[in-house]
Amino acid sequence: MNTEILVIEDDDLVRQGIVDILELKGWNAVAAKSCSEALVRIRGEEYMLYVLDMKLPDGNGIMLCREIRRYTDNPILFLSAYDSEEFIVEGFEAGANDYVIKPFRTFEFIARIKALYNGLIN
């Protein structure tokens, strides 16, 4: 399995910030800024974790989450500004393992990633 984390986020600053946080922690991260770009990556390779936004310029995270589930059971973490219970539940029903609301706290974000792996990653 690939040890990279795929970050799917359309906002350039947020996307780069997430990648920087992950890389500072010592994890490898690659990014996509749209559903179409993410689909190319997802169909070409399996990632250890998928971090995805709910709203993307050419689709939505729910559709993308379902598509990821066609290829892998690896963890999916939504990172979204949508904070209503409806969106959160919809994310879990689509196959997500966790849902973090933006703006997010960095150390909590890292802890949630570690929890998805039961402490198997640093």
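Residues numbered from 1 in each chain as written. Predicted model: local features only at pLDDT ≥ 70, side-chain atom pairs only at ≥ 80, totals over all residues. Heavy atoms only, no water.

J.: Explain helix α2 (residues 35-44) here, please?
T.: Count 3.6 residues to each turn of an α-helix, and residues three or four apart come out pointing the same way. Inspection of α2 places Cys35, Ala38, Leu39 and Ile42 among the buried residues, and these make up the whole buried set. Buried residues along α2 cover an arc of 105 degrees about the axis, so they all sit on one side. α2 presents Val40 and Gly44 as exposed residues on the side facing more than 90 degrees away from its buried surface. Buried residues along α2 sit in contact with β1 (4-8), β2 (28-32), β3 (49-52), β4 (55-56), β5 (59-60) and α3 (61-71). (Buried < 20%, exposed > 50% of the residue type's maximum accessible area, 1.4 Å probe, protein only. Helix = DSSP H or I, 4+ residues; strand = E, 2+ residues; numbered from the N terminus. Arc of directions from axis to C-beta. Contact = heavy atoms within 4.5 Å.)

J.: I would appreciate a short explanation of the side chain of Ser34 in the present structure.
T.: Checked against the element boundaries, Ser34 lands in the loop between β2 and α2. In this structure the side chain of Ser34 is engaged in a polar contact, spanning 3.1 Å, whose partner is the backbone nitrogen of Glu37. Ignoring anything within four residues of it in the chain, the contact list for Ser34 reads Ile8, Pro57 and Asp58. (Polar contact = N/O pair within 3.5 Å; in protein donor to acceptor, adjacent residues only side chain to side chain.)

J.: Could you clarify how one ought to interpret the pairing of β3 in this entry?
T.: Working note: regular strand, side chains alternate between the two faces of the sheet. Where burial is concerned, the two faces of β3 agree: the one with Leu49 and Val51 and the one with Tyr50 and Leu52 are both buried. As paired elements, β1 and β3 share four bridges and run parallel to each other. Across the sheet, the residue bridging to Ile5 is Leu49, located in β3. (Pairing = 2+ DSSP bridges.)

J.: Honestly, the environment of Ala29 in this entry has me stumped. Any pointers?
T.: The residue Ala29 is located in strand β2 in this model. On the accessibility criterion, Ala29 (11% relative accessible area) is buried. The sequence separation of Ala29 and Met48 amounts to 19 residues, and the corresponding C-alpha distance is 10.0 Å.

J.: Looking at this structure, I do not really get the packing of aromatic side chains. What am I missing?
T.: Tallied over the full model, the rule gives four aromatic pairs. Plain terms: the ring middles of Tyr47 and Tyr50 are 5.8 Å apart, the flat faces sit at 80 degrees to each other, and that makes the pair edge-to-face. For Tyr47, a relative accessible area of 2% puts it in the buried group. (Phe/Tyr/Trp six-rings, centres within 6.5 Å; stacked < 30°, edge-to-face > 60°.)

J.: Mind showing me how you'd approach the state of the cysteines here?
T.: By definition, a disulfide links two cysteine residues through a covalent bond between their sulfur atoms. Per the stated rule, a full pass over the model turns up zero disulfides. Of all cysteine sulfurs, the one in Cys65 lies closest to Cys35, which takes part in no disulfide; the gap is 11 Å. (Disulfide = S-S within 2.5 Å.)

J.: Which parts of the structure should I look at to understand the pattern of salt bridges?
T.: Two side chains with opposite charge may pair up if their charged atoms get near one another. Throughout the structure, instances matching the rule amount to eight salt bridges. Of the charged contacts in the structure, one is a salt bridge between Glu9 and Lys102, with a shortest N-O distance of 2.6 Å. Remark: Lys102 occurs in the loop between β7 (98-101) and α5 (106-116) and Glu9 occurs in the loop between β1 and α1 (12-24); sequence separation between them is 93 residues. The same class applies to Glu9 and to Lys102, which are both buried. As a salt-bridge pair, Arg70 and Glu67 come within 3.0 Å of each other at their nearest N and O atoms. Of this pair, Arg70 and Glu67 both sit in helix α3, three residues apart, which is roughly one turn of the helix. Judged by its relative accessible area of 62%, Arg70 is exposed. (Salt bridge = Lys/Arg side-chain N within 4 Å of Asp/Glu carboxyl O.)

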